[in-house]
There are 2 protein chains.
Amino acid sequence: MIQLESQASKLDILRPTKTTIMVIGGAEDKVHGKEILQTFFNRAGGVNARLAVIPSASREPGAQGDRYRKVFEEMGAVGLKIFDIRERYQGEDPRWLESLEDCTGVFMTGGDQLRLCSLLAETPLMDEIRSRAIDGKIALAGTSAGAAVMGHQMIASGGSGSSPNKSLVDLTTGLGILPDLIVDQHFHNRNRMARLLSAIATHPDKIGIGIDEDTCALFEGDSQIRVMGKGTVTIIDTTEMSYTNATKVDVADPLSISNLRVHIMCHGDGYDLHSHTMKPGLSETIMPLD
Amino acid sequence: MIQLESQASKLDILRPTKTTIMVIGGAEDKVHGKEILQTFFNRAGGVNARLAVIPSASREPGAQGDRYRKVFEEMGAVGLKIFDIRERYQGEDPRWLESLEDCTGVFMTGGDQLRLCSLLAETPLMDEIRSRAIDGKIALAGTSAGAAVMGHQMIASGGSGSSPNKSLVDLTTGLGILPDLIVDQHFHNRNRMARLLSAIATHPDKIGIGIDEDTCALFEGDSQIRVMGKGTVTIIDTTEMSYTNATKVDVADPLSISNLRVHIMCHGDGYDLHSHTMKPGLSETIMPLD
């Protein structure tokens, strides 16, 4: 019994401290306060964390993996693994599942979300990562392309600088980790409001979430979002949407959408996905969260 | 009596057919269908219109005035006047008021809204134009800079490509023709959502209206907006806004705003400023309005 308790205690330490999925808008600080990455590290177990980095979205996965290895090792990470998957058959190799076994945190880097999905969607490895993240057994973070893949519907690419219209956004299937959301990243930085609106018009059963650079939406429990970082998180809530012409018009025609509820949130603010309410919570300083 | 009736009838013809203030998002078609300019011409009385063009926002007021003269004369305008005001004292010259006397339509061109306001705000001429437009005695249109000046609060300049924050927008006093609105133009074309959100956060008593290029918001009566043109009109309704940090944070800090109601409208859609409701009204073709 004593031995079993000790074993359980050890496992608890290796588990993330809170259920957390971190959706990062790209360009998170890797040099100064590193608040977002430090928070991921903390949530994954801190110095007891066992991290895996998936650099597969990147065209330079080796360099990208090394970059995050350096950041997390400086925080005290030991035994960090790079899941450097460059071919789809690799994601189906059972050795990755073994390698995932003791992980407490998985981090998906930026790059191209289509590349990430084509390599990993519906592989046993990604199915297991999603399942563990949803069950709160690991902390999962994705930045930029690694954020874009979170929804069931994923923005693969798109444009800016024109009226909302269906040709402004290319949607495809993402990893479905947060299936009710359509995520856009580098949001206000790359002027992506019109493309997220265009995506939402054709999928009004989803909630649009636009995340700025060096900013993170933390999903805690089954319905709470918290914002941390230097920019904003924009929520486009379609619950009360009463009309769109999206099903009637041609792809290049301007879109009509009535009754969207929009919240702009910054560091410290929260949002409840069940009640669709924003909970303001101004914090004056940005610091890593426990 | 017969003579008086005839006189009244003649005056009626010279009056605009409907109370109309047209707020145009810039770059309206001047070559092909010219739907928006044709609608202004129709609303000002058609072939009976007596038009004045104010090119004062432009650095090339002569060329700008000639450009619109050509367009409206091709439609059949006679006796068109260019109010080529280049110095503030000119706006105070009573001869402009005399010249305005028989006008049924006034058109303000694009250029620099600060220039337009510095030349004309609070001059007897502009006071009279505003008063006549509000009373429905003339049709008034403004495009680009001529649209920006419509509100009491005016966006003088601003940026894009960053999280909403107060430094993203410079607000000053406009002409106050539609005092409850903050107008932004070339809206989605120049990615101005973040700056309009930033303006609204500091003036939550206003309604934000963003108008795309070759698109027009027509204000009819005291509360009805109709949309015409090739792009969209975005309404940011603050009626239910429940929180902003705008009064508490520094100018460069990200803004937090909860419970905005947003409508994206295209050609044929309407909006009631009193009831804050959008009235969808899909039209398949764009044509000049009577």
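You'll find the structure just up there.
The rules behind each value
Residues numbered from 1 in each chain as written. Chains lettered and ligands numbered in written order. Predicted model: local features only at pLDDT ≥ 70, side-chain atom pairs only at ≥ 80, totals over all residues. Heavy atoms only, no water. Least-squares fit on C-alpha atoms with pLDDT ≥ 70 in both. Contact = heavy atoms within 4.5 Å. Salt bridge = Lys/Arg side-chain N within 4 Å of Asp/Glu carboxyl O. Buried < 20%, exposed > 50% of the residue type's maximum accessible area, 1.4 Å probe, protein only. Helix = DSSP H or I, 4+ residues; strand = E, 2+ residues; numbered from the N terminus. Buried area = accessible area lost by both parts, 1.4 Å probe. Polar contact = N/O pair within 3.5 Å; in protein donor to acceptor, adjacent residues only side chain to side chain. Nonpolar A, V, L, I, M, F, W, Y, C, P; charged D, E, K, R; others polar. Pairing = 2+ DSSP bridges. Axes fitted to C-alpha atoms, helices over the stretch in contact; angles between N-to-C directions. Right-handed = clockwise from strand over helix to strand, strands pointing away. Phe/Tyr/Trp six-rings, centres within 6.5 Å; stacked < 30°, edge-to-face > 60°.

> I'm lost on the relation of the copies chain A and chain B in this one. Help?
The relation between the two copies of this chain is a rotation about an axis and a shift parallel to it. After a rotation of 180° and a shift along the axis of 0.0 Å, chain A superposes on chain B with an RMSD of 0.0 Å. Accordingly, the operation relating the two chain copies is best matched by a two-fold axis. Using C-alpha coordinates, one finds that chain A approaches the rotation axis most closely at A:R261, a distance of 2.4 Å. The share of interface residues of chain A whose copies in chain B are also at the interface is 100%, consistent with both copies meeting through the same surface.

> Could you clarify how one ought to interpret the pattern of salt bridges in this entry?
Note on pairing: side chains with opposite charge can pair once their charged atoms come close. Under the criterion given, the structure shown has 41 salt bridges over all chains. Salt-bridge contacts for A:D93 lead to A:R95; the nearest nitrogen and oxygen are separated by 2.8 Å. In this structure A:R95 comes out as exposed when scored by relative accessible area, which is 60%. Across the pair B:R195 and B:D184 runs a salt bridge, and its minimum N-O distance is 2.8 Å. Of this pair, B:R195 sits in helix α9 (residues 193-202) while B:D184 is found in strand β8 (residues 181-185), placing the two residues 11 residues apart along the sequence. Under the relative-accessibility criterion, B:R195 is labelled buried at 4%. Connected through shared salt-bridge partners, A:E240, A:R261, B:E240 and B:R261 make up one network.

> Looking at this model, I keep getting lost on the interface of chain A and chain B. Mind explaining?
Think of interface size as the accessible area that goes away when the parts come together; that is how it is often given. With 37 residues of chain A at the contact, the number on the chain B side is 37 residues. In total, about 3,000 Å² of surface goes out of reach between chain A and chain B, with carbon and sulfur atoms giving 58% of it. In this assembly, chain A and chain B are joined by two salt bridges. Across the salt bridge formed by A:E240 and B:R261, the nearest N and O atoms sit 2.9 Å from each other. Between chain A and chain B we count 16 residue pairs in polar contact (both at pLDDT 80 or more) in total. Sorting the residues of the side of chain A that touches chain B by element identifies α9 (193-202) and β14 (257-266) of chain A as the ones contributing at least two each. Here the side of chain A that touches chain B gets 10 residues from one element, more than from any other, and that element is β14(A). Its residues assigned to classes, the side of chain A that touches chain B shows 17 nonpolar, 14 polar and six charged. As paired elements, β14(A) and strand β14 (residues 257-266) of chain B share five bridges and run antiparallel to each other. Paired with A:R261 across the bridge in β14(B) is B:R261.

> I keep staring at the sheet that holds strand β15 (residues 270-272) of chain A and nothing clicks. Help me out?
Within a sheet, neighbouring strands are paired by backbone hydrogen bonds and run either parallel or antiparallel to one another. Taken together, nine strands build an open sheet; the order of strands is β3-β2-β4-β5-β1-β10-β11-β15-β16 (chain A) and the sheet is mixed. Edge positions in the sheet fall to β3 (81-82) and β16 (277-279) of chain A, since each of these pairs with one other strand and no more.

> What is the right way to look at the sheet that holds strand β11 (residues 224-229) of chain B in this model?
Residue and element names in this part refer to chain B. Across the sheet, which stays open at both edges, the nine strands sit in the order β3-β2-β4-β5-β1-β10-β11-β15-β16 with mixed pairing between neighbours. The sheet is open, and its two edges are formed by β3 (81-82) and β16 (277-279), each paired on a single side. Across two bridges, strand β2 (residues 51-54) lies against β3 in parallel orientation. Each bridged residue has a counterpart across the sheet, and for V53 the counterpart in β3 is I82. Where helix α3 (residues 61-75) meets the sheet, its contacts fall on β2, β3, β4 (105-108) and β5 (139-143), and the angle it forms with β2 comes to roughly 155°.

> Teacher, can you tell me more about the side chain of B:S56 here?
Residues and elements named next belong to chain B. Its location among the elements puts S56 in the loop between β2 and α3. Looking at S56, its side chain comes within polar contact range of the main-chain oxygen of I85, at 2.9 Å. Discounting chain neighbours no more than four positions away, the residues touching S56 are F83, I85, R115, L116, L119 and L120.

> Looking at this structure, I do not really get the pairing of strand β9 (residues 207-211) of chain A. What am I missing?
Remember that side chains alternate between the two faces of the sheet whenever the strand is regular. All names here are of chain A. In terms of burial, β9 is largely enclosed, as five of its five residues are buried. Side chains I207, I209 and I211 project from β9 onto one buried face, and the interleaved G208 and G210 project onto a second face that is buried too. Both strand β8 (residues 181-185) and β9 contribute to a ladder of five bridges, which runs parallel. When the bridges of β9 are listed, L181 appears paired with I207. For the handedness criterion, the β-α-β arrangement of β8, α9 and β9 is classed as right-handed. Pairing of β9 with strand β12 (residues 232-237) involves four bridges; the strand directions are antiparallel. In the strand pairing of β12, G208 is matched with I236.

> Explanation requested: the environment of B:G45 in the structure shown.
Looking at the element boundaries, B:G45 is found in the loop between α2 (35-43) and β2. Once the C-alpha coordinates of B:G45 and B:A77 are considered, the two residues, 32 residues apart in sequence, prove to be 9.6 Å apart.

> Explain the packing of aromatic side chains to me, please; I cannot follow it from the model alone.
Two numbers describe a pair of aromatic rings. These are the distance of the centres and the angle of the planes. Taken as a whole, this structure holds 12 aromatic pairs over all chains when the rule is applied. With centroids separated by 5.7 Å and ring planes inclined at 65°, the aromatic side chains of B:F72 and B:F107 adopt a geometry described as edge-to-face. Remark: B:F107 occurs in strand β4 and B:F72 occurs in helix α3; sequence separation between them is 35 residues. Here the two residues B:F72 and B:F107 agree in accessibility, since each one is buried. When the ring of B:F83 is compared with that of B:W96, the centres are 4.9 Å apart and the planes differ by 50°; the resulting orientation is tilted. Note that B:F83 is positioned in the loop between β3 and α4 (88-91) and B:W96 in helix α5 (residues 94-100), a separation of 13 residues in sequence. Each member of the pair, B:F83 together with B:W96, is buried. Taken together, A:F40, A:Y68, A:F72 and A:F107 form an aromatic cluster joined through their ring pairs.

By themselves these figures say nothing about function.
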